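Coordinate analysis (summary)
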Amino acid sequence: MERVIGFLLLFSAFSQLLYSQNSPSTFSDIRKSYEKKEIDDSSAMPAVRRFIRKAKLESNYYNLIQGYRDGRQFDYLHKMQYADSALSASRMYGNRNDLSKDYLSKGIIYYFYYKNYRQALNEYMMAYQYSKGTDDQYQEHKVLYHLGVVKGHLGNYEEAIEHFQNCIDFYGKKLDPGLHENELYNYKKAYYNSLHQLTVMYRYARNYPKSDSISRLGYQLTLGNRDFTLENSYFLKCIGISQYNRREYQNAEWCLKKALSAIIRRNDFAWTSVIYFYLGKIDADQGRDGQAIVYFEKVDSIFEEHQFVTPEVYPSYHYLIEFYKKRNRLKKQLFYTDRLLKADSLIDRDYPYLSSKLHRDYDRSSLIDAKEKLEKSSNRKIRIGQVLLASGTVILCFFIYRYYQERSIRKQYERLQQKLEEQSTVSPDTTAENSAVLSVRKTSLTPAMTEEIRKKLHRFELEIMFTEKGLTEKAVADKLGTNSHYLSVYINENKGMNFNRYMAELRINYITHLLNTDTKFLNYSIEALAEECGMAARQNFSKLFYEINHIRPADYIKNRKKDLGIM
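Cut-off values and rules
Residues numbered from 1 in each chain as written. Predicted model: local features only at pLDDT ≥ 70, side-chain atom pairs only at ≥ 80, totals over all residues. Heavy atoms only, no water. Helix = DSSP H or I, 4+ residues; strand = E, 2+ residues; numbered from the N terminus. Polar contact = N/O pair within 3.5 Å; in protein donor to acceptor, adjacent residues only side chain to side chain. Contact = heavy atoms within 4.5 Å. Axes fitted to C-alpha atoms, helices over the stretch in contact; angles between N-to-C directions. Parallel < 35°, antiparallel > 145°, perpendicular 65-115°, else oblique. Left-handed = near helix turned anticlockwise from the far one by under 90°. Nonpolar A, V, L, I, M, F, W, Y, C, P; charged D, E, K, R; others polar. Expected span 1.5 Å × (residues − 1). Bend = angle between axes of the 7 residues up to and from the residue. Buried < 20%, exposed > 50% of the residue type's maximum accessible area, 1.4 Å probe, protein only. Patch = residues over 30% accessible without salt bridge, like charges linked within 9 Å, V, L, I, M, F, W, Y side chains within 5 Å. Areas by Shrake-Rupley, 256 points an atom, 1.4 Å probe, with all protein chains shown as cover. Salt bridge = Lys/Arg side-chain N within 4 Å of Asp/Glu carboxyl O. Core = buried A, V, L, I, M, F, W, Y, C linked by side-chain atoms within 4.5 Å. Phe/Tyr/Trp six-rings, centres within 6.5 Å; stacked < 30°, edge-to-face > 60°. Lys NZ or Arg CZ within 6 Å of the ring centre and 35° of its normal. pLDDT = per-residue confidence, 0-100.

**A closer look at the side chain of threonine 222**
Mapping threonine 222 onto the fold places it in helix α11 (residues 208-222). Looking at threonine 222, its side chain comes within polar contact range of the side chain of asparagine 232, at 3.0 Å. Excluding anything up to four places from it in sequence, threonine 222 contacts Tyr192, Phe228, Glu231, Asn232 and Phe235.

**Some details on the packing of helix α4 (residues 61-74) against helix α5 (residues 79-93)**
Where α4 meets α5, the axes come as close as 8 Å, and the angle between the chain directions of the two elements is 160 degrees. One finds that α4 runs roughly antiparallel with respect to α5. Crossing of α4 against α5: the hand is left-handed. Here α4 contributes Tyr61, Leu64, Ile65, Tyr68, Arg69, Gly71, Arg72, Gln73 and Phe74 to the contact with α5, which in turn contributes Lys79, Tyr82, Ala83, Ser85, Ala86, Ala89, Ser90 and Tyr93. Here the residues of the contact of α4 with α5 sort into 10 nonpolar, 4 polar and 3 charged.

**Considering helix α13 (residues 249-265)**
Spanning 17 residues, α13 covers 25 Å between terminal C-alpha atoms, matching the ideal 24 Å at 1.5 Å per step. The sharpest bend along α13 reaches about 25 degrees and sits at alanine 259. Buried residues of α13: Tyr249, Ala252, Glu253, Cys255, Leu256, Ala259, Leu260, Ala262 and Ile263, and no others. Positive backbone phi, at 60 degrees, marks asparagine 267, one or two positions downstream of α13.

**Examining a nonpolar patch on the surface**
Side chains of Tyr61, Met92 and Tyr93 sit close together on the surface and give an oily, nonpolar patch of about 320 Å² of accessible area. By the element assignment, methionine 92 lies in helix α5.

**Brief notes about the nonpolar core**
Counting 134 residues, the largest nonpolar core has Phe460, Leu487 and Phe541 as its most contacted members. In terms of residue count, helix α14 (residues 269-285) provides more of this core than any other element does, 11 residues in total.

**Quick notes on the packing of helix α6 (residues 96-112) against helix α8 (residues 137-153)**
Here α6 crosses α8 at 25 degrees, and the two axes come no closer than 10 Å. Of the possible angle classes, the one that applies to α6 and α8 is roughly parallel. The chirality of how α6 crosses α8 is left-handed. From α6, Asn97, Ser100, Lys101, Leu104, Ile108 and Tyr111 reach across to α8, where they touch Gln139, Lys142, Val143, His146, Val149 and His153.

**Description of the environment of tyrosine 324**
Mapping tyrosine 324 onto the fold places it in helix α16 (residues 316-326). Taking the relative accessible area as the measure of exposure, tyrosine 324 reaches 6% and is therefore buried. Linking tyrosine 324 and leucine 334, residues 10 residues apart in sequence, is a C-alpha distance of 9.6 Å. When residues no more than four places from it in sequence are discounted, the contact partners of tyrosine 324 are Ile293, Glu297, Arg329, Lys332, Gln333 and Tyr336.

**Concerning the pattern of salt bridges**
When the charged atoms of two side chains with opposite charge come close together, those side chains can pair. In the structure shown here, the tally under the stated rule is 32 salt bridges. Note that lysine 54 is salt-bridged to glutamate 58, the shortest N-O span being 2.7 Å. Put simply, aspartate 283 and arginine 288 hold a salt bridge, and the shortest N to O gap is 2.6 Å. Each of Arg69, Arg72, Asp98 and Asp102 takes part in a single network of salt bridges with overlapping partners.

**Points about unusual backbone geometry**
Even without being glycine, serine 59 reaches a positive phi, approximately 50 degrees. Here serine 59 is to be found in the loop between α3 (45-57) and α4. The phi dihedral of asparagine 267 falls on the positive side, at around 60 degrees, and the residue is not glycine. As for its position among the elements, asparagine 267 is in the loop between α13 and α14.

**Things to note about the side chain of glutamine 197**
Relative to the helices and strands, glutamine 197 is located in helix α10 (residues 181-204). Setting aside residues up to four positions removed in sequence, glutamine 197 forms contacts with Tyr145, Val149 and Phe164.

**Description of α14**
Here α14 is 17 residues long and its end C-alpha atoms lie 24 Å apart, about the 24 Å a rise of 1.5 Å per residue gives. The buried count for α14 comes to 16 of 17 residues, which makes it a mostly enclosed element. Within two residues after α14, glycine 287 carries a phi angle of roughly 80 degrees, on the positive side.

**Points about the packing of aromatic side chains**
Applying the stated criterion across every chain yields a total of 33 aromatic pairs. A ring pair is formed by phenylalanine 296 and tyrosine 319, whose centres lie 4.6 Å apart and whose planes are at 15 degrees; its orientation type is stacked. Within this pair, whereas phenylalanine 296 is found in helix α15 (residues 289-306), its partner tyrosine 319 is found in helix α16, the two being separated by 23 residues in sequence. When the ring centre of phenylalanine 27 is taken as origin, the NZ or CZ atom of lysine 54, which lies over that ring, is 5.0 Å away. Lying over the aromatic face of phenylalanine 323, arginine 327 brings its terminal NZ or CZ to 3.7 Å of the ring centre.

**Quick notes on the confidence of the model for the protein chain**
Averaged over the protein chain, the pLDDT score is 83; the fraction of residues at 70 or greater is 84%. Taken as a whole, residues 353-363 scores under 50 in pLDDT and shows 18 contacts with residues more than four places along the chain or in a different chain. Across residues 435-441, confidence stays below pLDDT 50; counting only partners more than four residues off in sequence or on other chains, it has 6 contacts.

**Considerations on the environment of tyrosine 171**
The topology assignment puts tyrosine 171 in helix α9 (residues 157-172). Residue classification places tyrosine 171 among the buried residues on the basis of a relative accessible area of 1%. A C-alpha to C-alpha distance of 5.4 Å links tyrosine 171 and tyrosine 191, two positions 20 residues apart in sequence. Every residue in contact with tyrosine 171, bar those within four places of it in the chain, is listed here: Tyr138, His141, Lys142, Tyr187, Ala190, Tyr191 and Ser194.

Written out as structure tokens, the structure is:
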């Protein structure tokens, strides 16, 4: 037995020695094991986690930031967590350029993986602000590129074209064979991506000759280069769409199908849905309705899975509704009419510039009328038709009511977010001095007393002492070393409100700031939020939150989670 134990100990020691000799020991060695893997390749993550552990143990903050960025690149399921970690580390240990990179990367996640264009644009604008004043022109143009992408999706084509042309001019001048291979690769990739976006914008702006010539140039530049297979597929996709518009159906179908596989591998469901849409249109134009519907239903499947649809593929639902209408499939007509209404709401939210045109082409009110007629005709053949019709009307009214209610809540949420952004340079835990009121009222306080209370009250706000439960006017006065009468006079004359309102605004502004800046509070119950800001009663908290912010706390939390892509 002793021999066996001795052998095991010897074997363990030998294994550790062997592992330590074979295992990468430096940061550079660890990164070499995964840095050339494809994006979202989770097989890189064991080495990435080892890289992060090493950086933490050695307090190497530069490599800690890099490790979080690598996790963001390769961990498909936890991208946002790594993006947040990289951004937090950059705030603590990095510089303006680090912050610009990490805000930009977070925006790319919102754009590419969540298709949340509003939130992506917010992150891009932060990246843009931090990129100004730095010497990193590559990063500056990368930010301009992504701003152009979002502007294009919002319909600002001319502005987007200007962005991409600037990027092409910059990246094109950097394609020097003498550069390091990694740097040259990055400039080429940025150049090709800018070319792709430019050809898309020209197509959206209906400048088809220019769009077609750029897409063919990009295709030739990337043809046969294994490093740019995906980029080549994007250009081939554009060529296929151009050929469809010229009714060259056979060539268009070949190009689109050949481009599809690489784009699906990249998990780019947005462009995948566009390819399915045009493949469906090719079949529909040639009378192959059955095959066309298969592609249009694939577009709908992407919408169902990702809650994402673009104006370009929106007409898929017209084809689906008409197809099933001709075959008297009422249930299917209703199903895709509902889908169309849902898609319309999403587009109205994400594409404000384009939504008015869509409403002109397919008026919302006529669509609801058509839905009611379908419900009536489908119920005419059964005995309980009147009951079903009444039920359908109630449901439809409820649906419309909820839609407008949600839209009203959303508008109020956006107003509050705009207010929070405007106030971002001011501490959320303070209330403004009402100098106008002070100038017209007669005060019983001397200037010296006023200044003393002002300073003490400012400290009271900054140190967040107002979150203590059960604070009365007297208790606060005692904390500040004054009396309740003087405190009351000061608050009334300088804050323009009484003590109770003053405390309420401090607490509600504080908890609103936490909900807006720290995602953990979005999972708190209303009772816990009330307790966090010093209020004892849930009802009183909800009433004051609505009174001050004009939106219920539950509705604010729901919309904030939606913006952040949190389920």
